[in-house]
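Chain by chain, the residues:
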Amino acid sequence: MDSCSCLVFFVNGNKITEKEPNPEWTLLQYLRNKLRLTGTKLGCAEGGCGACTVMVSKYDRKINKIVYPSCILTSKK
């Protein structure tokens, strides 16, 4: 079986395959500098303001809905 040290993910519905990702770049830097998605802005640089929020999900065509990984969901009490 072939192993790949590449990074594969989707941005705005487009598959991105990065063969040599820079481990020192943040997602914000990648989106702005590599993909030229300059609408993404840096806010507080601490994670408090939400400007750097990323939606982790996928679209399930069978049920016509966006689904989320269960590991990111929290339960209501």
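Residues numbered from 1 in each chain as written. Predicted model: local features only at pLDDT ≥ 70, side-chain atom pairs only at ≥ 80, totals over all residues. Heavy atoms only, no water.

Identification of the chain as 2Fe-2S ferredoxin-type domain-containing protein from Paralvinella palmiformis is taken from an unreviewed UniProt entry. Taken verbatim from the UniProt record of the chain, the Sequence similarities (unreviewed entry) comment is "Belongs to the xanthine dehydrogenase family." (UniProt positions renumbered as here; feature names shortened; annotations may be inferred.)

Turning next to a nonpolar patch on the surface. Residues Leu27, Val54 and Val56 make up a contiguous nonpolar surface patch of roughly 230 Å² in combined accessible area. With respect to the helices, strands and loops of the structure, valine 56 is situated in the loop between α1 (27-34) and β3 (58-60). Accessibility expressed as a relative area gives 42% for valine 56, which makes it partly exposed. (Patch = residues over 30% accessible without salt bridge, like charges linked within 9 Å, V, L, I, M, F, W, Y side chains within 5 Å. Areas by Shrake-Rupley, 256 points an atom, 1.4 Å probe, with all protein chains shown as cover. Salt bridge = Lys/Arg side-chain N within 4 Å of Asp/Glu carboxyl O. Helix = DSSP H or I, 4+ residues; strand = E, 2+ residues; numbered from the N terminus. Buried < 20%, exposed > 50% of the residue type's maximum accessible area, 1.4 Å probe, protein only.)

Right, let's get into unusual backbone geometry. Among all residues save glycine, negative phi is the norm, and among peptide bonds the norm is trans. Positive phi values are uncommon outside glycine, yet asparagine 12 reaches one of about 55°. Positive phi outside glycine occurs at arginine 36, with the angle close to 60°. By the element assignment, arginine 36 lies in the loop between α1 and β3.

Evaluation of the coordinates by the stated rule reveals two aromatic pairs. A centroid spacing of 5.7 Å and a plane angle of 65° characterise the contact between phenylalanine 9 and tyrosine 30, whose relative ring orientation is edge-to-face. Taken together, the residues span a long stretch of sequence, with phenylalanine 9 in strand β1 (residues 7-11) and tyrosine 30 in helix α1 at a distance of 21 residues. For the pair phenylalanine 9 and tyrosine 30, a shared accessibility class is recorded, and that class is buried. Relative to tyrosine 30, the ring of tryptophan 25 lies with its centre 6.3 Å away and its plane at 70°, an arrangement referred to as edge-to-face. Taking the relative accessible area as the measure of exposure, tyrosine 30 reaches 11% and is therefore buried. (Phe/Tyr/Trp six-rings, centres within 6.5 Å; stacked < 30°, edge-to-face > 60°.)

Time to look at α1. By the burial criterion, the buried members of α1 are Leu28, Tyr30 and Leu31. Taken down its axis, α1 places every buried residue within 165° of arc, on the same side. Against β1 and β2 (14-18) lie the buried residues of α1. Phi for arginine 36, located one or two positions after α1, is positive at around 60°. (Arc of directions from axis to C-beta. Contact = heavy atoms within 4.5 Å.)

Attention now moves to the pattern of salt bridges. Per the stated rule, a full pass over the model turns up one salt bridge. Among the ionic pairs, lysine 34 bridges to glutamate 18, the shortest N-O distance being 3.8 Å. On the criterion of sequence distance, the pair formed by lysine 34 in helix α1 and glutamate 18 in strand β2 is long-range, its members being 16 residues apart.

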